[in-house]
Amino acid sequence: MKVVHTFEEVRTVAAGRVGLVPTMGFLHEGHLSLIDRSASENDTTVVSVFVNPLQFGDEADLDAYPRDLERDVPLAEHAGADVLVAPTARYMVPHADMASIRVGRVGLVMEGVHRPGHFDGVATVVTKLFAGIDPDTAYFGRKDAQQVAVVTSLVRDLSFRTVIVGCPVIRERDGLALSSRNVRIADDMRPAAITMSEALFHAADLLEAGEDDLGDLMAAMREIVARHPETVVDYIQIADADTAEPMDHLAGSQFLAMAATVGGVRLIDAMAIVDRVPDRGITLDAPSILYRKG
Ligand code: AMP
């Protein structure tokens, strides 16, 4: 695997069908599942590692985001990446007044309400990655279900040729959706964090039992999360998978998304629901590499 820092270098290495996996690094099995999928479907898999300042509203959150490129390189290589591009902040954001993308309503609801400008920042950097690398396919995780909707809309609205593929949520053994941020969750906050996946799984059980009153479903979820007052919920919402528009009934392709702050760490989780059938994702059967020492 080649480690490079510019798109020019990526283009000299990339050949045949190119798959791109955009990440912010500090890789875990969620990222590795995307790399593995790309490697199985493409001739060249490019992984980008860039902690995108444009998508952080909060400077302290940006500073606290975990970073370790030396750790990421062998993990990406082992998962099947051919090129890892780690551009500098100056390369990606050359000046404060750079041109940028403004997303539509798909990026203004849910996460967009709680993190104003977040998806504009995501879309600007994704646009730059697509312009510089020109991938055939790009892989995104459905943990960030609204992000999949935003990027899919971006591609459609601006006529990018890249195909967007949404991939299943990968979970730790206790159900917590993998996130690089999980390393910041204190041990005594873990039970509070886990209420998020417990609530989603309970919703899945209810859906499978035929529940179709989404008010009752959401109330049951809130009850589970409320067992730990340290879990401060921003939203729990069912939305249309394509538009991210909140929905009050079950129909077609949807996702159930939630966001909460637990002990100062902001976490999100989501579950796809297609024709009333929930998808809990994939749970690891061993401790995550996130916590591997040395
Ligand atoms: P991030 O580094 O958090 O920006 O994530 C990079 C990509 O990995 C995004 O497409 C995420 O949706 C995806 N991803 C992050 N966590 C998971 C997970 N637990 N399962 C599946 N995909 C994930």
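Computed from a predicted model, the values in this text were never measured in an experiment.

Caption draft 1: Fine view of the side chain of serine 180. Tracing the backbone shows serine 180 in the loop between strand 7 (170-171) and helix 9 (190-208). From its side chain, serine 180 meets the backbone oxygen of glycine 25 in a polar contact 3.2 Å long. Reaching out from serine 180, the side chain makes a polar contact with the backbone oxygen of phenylalanine 26 at a distance of 3.0 Å.

Caption draft 2: Representation of the packing of aromatic side chains within the structure. Using the criterion set out here, one finds 3 aromatic pairs in the structure. With a centroid separation of 5.6 Å and an interplanar angle of 80 degrees, the aromatic rings of phenylalanine 130 and phenylalanine 160 are classed as edge-to-face. Taken together, the residues span a long stretch of sequence, with phenylalanine 130 in helix 7 (residues 118-133) and phenylalanine 160 in the loop between helix 8 (145-157) and strand 6 (163-167) at a distance of 30 residues. Accessibility expressed as a relative area gives 3% for phenylalanine 130, which makes it buried. The ring of phenylalanine 56 is capped by arginine 115, whose NZ or CZ atom sits 5.8 Å from the centre of that ring.

Caption draft 3: Here's a closer look at helix 2 (residues 29-41). With 13 residues, helix 2 extends 18 Å between its outermost C-alpha atoms, agreeing within 8% with the 18 Å of an ideal straight helix rising 1.5 Å per residue. Turning to helix 2, its buried residues are Glu29, Gly30, His31, Leu32, Leu34, Ile35 and Ser38. Tucked into the core, helix 2 has its buried residues touching strand 2 (18-23), strand 3 (44-49), helix 4 (69-79), strand 5 (137-141), strand 6 and strand 7.

Caption draft 4: Spatial organisation of the pattern of salt bridges. What the rule picks out here adds up to 17 salt bridges. With a closest N to O distance of 2.9 Å, aspartate 174 and arginine 190 form a salt bridge. Of this pair, aspartate 174 sits in the loop between strand 7 and helix 9 while arginine 190 sits in helix 9, and the two are 16 residues apart along the sequence. The network of salt bridges with shared partners includes Asp61, Arg181 and Arg184.

Caption draft 5: Expanded view of the nonpolar core. In this structure, Val46, Met110, Phe130, Ile133 and Phe140 are the most contacted members of the largest nonpolar core, which totals 43 residues. Broken down by element, the residue count for this core peaks at 8 residues, all from helix 7. If near-sequence neighbours (up to four positions away) are discounted, phenylalanine 130 is found in contact with Leu20, Pro135, Ala138, Phe140, Val151, Val155, Phe160, Thr162 and Ile164. Grouped together as the second largest cluster of nonpolar side chains are 28 residues, Leu176, Ala203, Ile224 and Met271 included.

Caption draft 6: The arrangement of the sheet that holds strand 6 in detail. Taken in spatial order, the 6 strands line up as 1-4-3-2-5-6 in an open sheet, and their pairing is parallel. In this open sheet, the two strands that pair with only one neighbour each are strand 1 (2-4) and strand 6. Sheet twist, expressed as the average angle between the axes of neighbouring strands with direction ignored, equals 25 degrees. Alignment of strand 3 against strand 4 (residues 83-85), held across 3 bridges, turns out to be parallel. What sits directly across from serine 48, in strand 4, is valine 85. Against the sheet, helix 8 contacts strand 5 and strand 6, and its axis sits at roughly 155 degrees relative to strand 5.

Caption draft 7: Quick peek at the site of the ligand. In the neighbourhood of the ligand, 17 residues make up the surrounding shell, with Met24, His31, Asp144, Ile170 and Leu178 lying closest. Here methionine 24 contributes a backbone N or O atom positioned 2.9 Å from an oxygen atom of the ligand. Protein contact buries 93% of the 480 Å² of open area that the ligand shows by itself. The set of elements that each furnish at least two residues to the shell around the ligand consists of strand 2, helix 2 and strand 5. Its residues assigned to classes, the shell around the ligand comprises 9 nonpolar, 6 polar and 2 charged.

Analysis parameters
- Residues numbered from 1 in each chain as written.
- Predicted model: local features only at pLDDT ≥ 70, side-chain atom pairs only at ≥ 80, totals over all residues.
- Heavy atoms only, no water.
- Helix = DSSP H or I, 4+ residues; strand = E, 2+ residues; numbered from the N terminus.
- Polar contact = N/O pair within 3.5 Å; in protein donor to acceptor, adjacent residues only side chain to side chain.
- Phe/Tyr/Trp six-rings, centres within 6.5 Å; stacked < 30°, edge-to-face > 60°.
- Buried < 20%, exposed > 50% of the residue type's maximum accessible area, 1.4 Å probe, protein only.
- Lys NZ or Arg CZ within 6 Å of the ring centre and 35° of its normal.
- Expected span 1.5 Å × (residues − 1).
- Contact = heavy atoms within 4.5 Å.
- Salt bridge = Lys/Arg side-chain N within 4 Å of Asp/Glu carboxyl O.
- Core = buried A, V, L, I, M, F, W, Y, C linked by side-chain atoms within 4.5 Å.
- Pairing = 2+ DSSP bridges.
- Axes fitted to C-alpha atoms, helices over the stretch in contact; angles between N-to-C directions.
- Near = heavy atom within 4 Å.
- Areas by Shrake-Rupley, 256 points an atom, 1.4 Å probe, with all protein chains shown as cover.
- Nonpolar A, V, L, I, M, F, W, Y, C, P; charged D, E, K, R; others polar.

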